[in-house]
Amino acid sequence: MKEIELPFFGVVNLDVDEESDHDIEIEINGHKVSVDLNMEPLKEGESPESIASNLKATLEQLAELECTAHDAIHSNYQHKEGAVDNHLEDWLYNLEEGMEFVEPKVQSAIANGTRKEKKDRLFKFLRINRIGLYPSEANFIVCDYNFWPDPEFKYGYCDEYVVVSFNKKRAINEVSTEG
């Protein structure tokens with residue numbers, strides 16, 4: 001069994017016989033973020049040493065990766081008909097249809113203005129919620145962004161996400177939406 005010491009997680013076994021998950025909550029760039037490490041049995045050709053090295057480097061750079069992900073979301077939003085713009089349009093429509101369930105802070109942000117102005121204001125509520133690490137997958141790092149993951153909001157999180165995935169070299173694979 002190959003055990004290593006990882007930032008935030010402590011000692012983790014990399015050579016598992018079945019899937020195992022490790023979950024923590026940390027602060028990244030001023031936001032509470034759930035971080036999960038999803039281990040699977042090593043695939044042929046994978047070495048525990050390379051996985052360990054990549055995980056350590058990634059965990060040491062989480063704040064920078066989150067900034068890169070946020071910049072990618074912003075860039076995607078600037079391209080009309082991108083995944084983020086479409087997501088904001090759908091979410092804005094849903095909010096307007098159920099305004100009685102919308103937080104007052106959000107209501108005031110979307111009450112007036114053009115569609116573009118409302119989406120711009122709604123975009124500002126998008127926050128990092130979760131980072132998933134999948135050492136054996138093509139999408140090695142997955143950053144989930146959600147609207148207003150603010151514990152003070154009585155309606156809590158929405159179940160729709162803007163997702164930025166990274167490969168093992170920490171380059172962006174794609175910006176997409178889920179939910």
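Structure's up top.
Enquirer: Describe the sheet that holds strand E5 (residues 126–133), listing the residues and the values that go with them.
Expert: The mixed open sheet is built from 6 strands, whose spatial order is E3-E4-E5-E6-E7-E8. Of all the strands in the sheet, the pair left with one neighbour each is strand E3 (20–28) and strand E8 (172–178). Taking each pair of neighbouring strands and ignoring which way they run, the sheet shows an average axis angle of 20°. Sheet topology places strand E6 (residues 141–147) next to strand E7 (residues 161–166); 5 bridges connect them, and they run antiparallel. Within E7, the position partnered with Asp144 by the bridge is Val163.

Enquirer: Describe the pairing of E8, with residues and values.
Expert: Moving residue by residue along a regular strand, the side chains alternate between the two faces of the sheet. As paired strands, E7 and E8 are joined by 6 bridges and run antiparallel to one another. Counted as the bridge partner of Tyr161 is Glu178 from E8. Where E7 folds back on E8, the antiparallel hairpin that results is connected by 5 residues, among which Arg170 adopts a positive phi of roughly 65°.

Enquirer: A description of the side chain of Ser136 should follow, citing residues and the corresponding values.
Expert: Following the sequence through the fold, Ser136 ends up in the loop between E5 and E6. Side chain to side chain, Ser136 and Glu46 meet in a polar contact 3.3 Å long.

Enquirer: Got a sec to walk through helix H3 (residues 83–97)? Specific residues and values, please.
Expert: Between its first and last C-alpha, H3 extends 21 Å over 15 residues, near the 21 Å set by a 1.5 Å rise per residue. When H3 is considered as a whole, its buried residues turn out to be Val84, Asp85, His87, Leu88, Trp91, Leu92 and Leu95. Seen end-on, H3 carries its buried residues on one side only, within an arc spanning 155°. Considering only its buried residues, H3 is in contact with helix H2 (62–78), helix H4 (104–110), helix H5 (115–123), E6, E7 and E8.

Enquirer: Break down the packing of H2 against H3 for me, citing the residues and quoting the values.
Expert: Taken N-terminus to C-terminus, the directions of H2 and H3 make an angle of 75°; their axes are 6 Å apart at the nearest point. The angle between the axes of H2 and H3 places the two elements in the roughly perpendicular class. The segment H2 lies against H3, with Ile73, Asn76 and Tyr77 engaging Ala83, Val84, Asp85 and Leu88. For the contact of H2 with H3, the residue count by class is 5 nonpolar, 1 polar and 1 charged.

Rules of the game
Residues numbered from 1 in each chain as written. Predicted model: local features only at pLDDT ≥ 70, side-chain atom pairs only at ≥ 80, totals over all residues. Heavy atoms only, no water. Pairing = 2+ DSSP bridges. Helix = DSSP H or I, 4+ residues; strand = E, 2+ residues; numbered from the N terminus. Axes fitted to C-alpha atoms, helices over the stretch in contact; angles between N-to-C directions. Polar contact = N/O pair within 3.5 Å; in protein donor to acceptor, adjacent residues only side chain to side chain. Expected span 1.5 Å × (residues − 1). Buried < 20%, exposed > 50% of the residue type's maximum accessible area, 1.4 Å probe, protein only. Arc of directions from axis to C-beta. Contact = heavy atoms within 4.5 Å. Parallel < 35°, antiparallel > 145°, perpendicular 65-115°, else oblique. Nonpolar A, V, L, I, M, F, W, Y, C, P; charged D, E, K, R; others polar.

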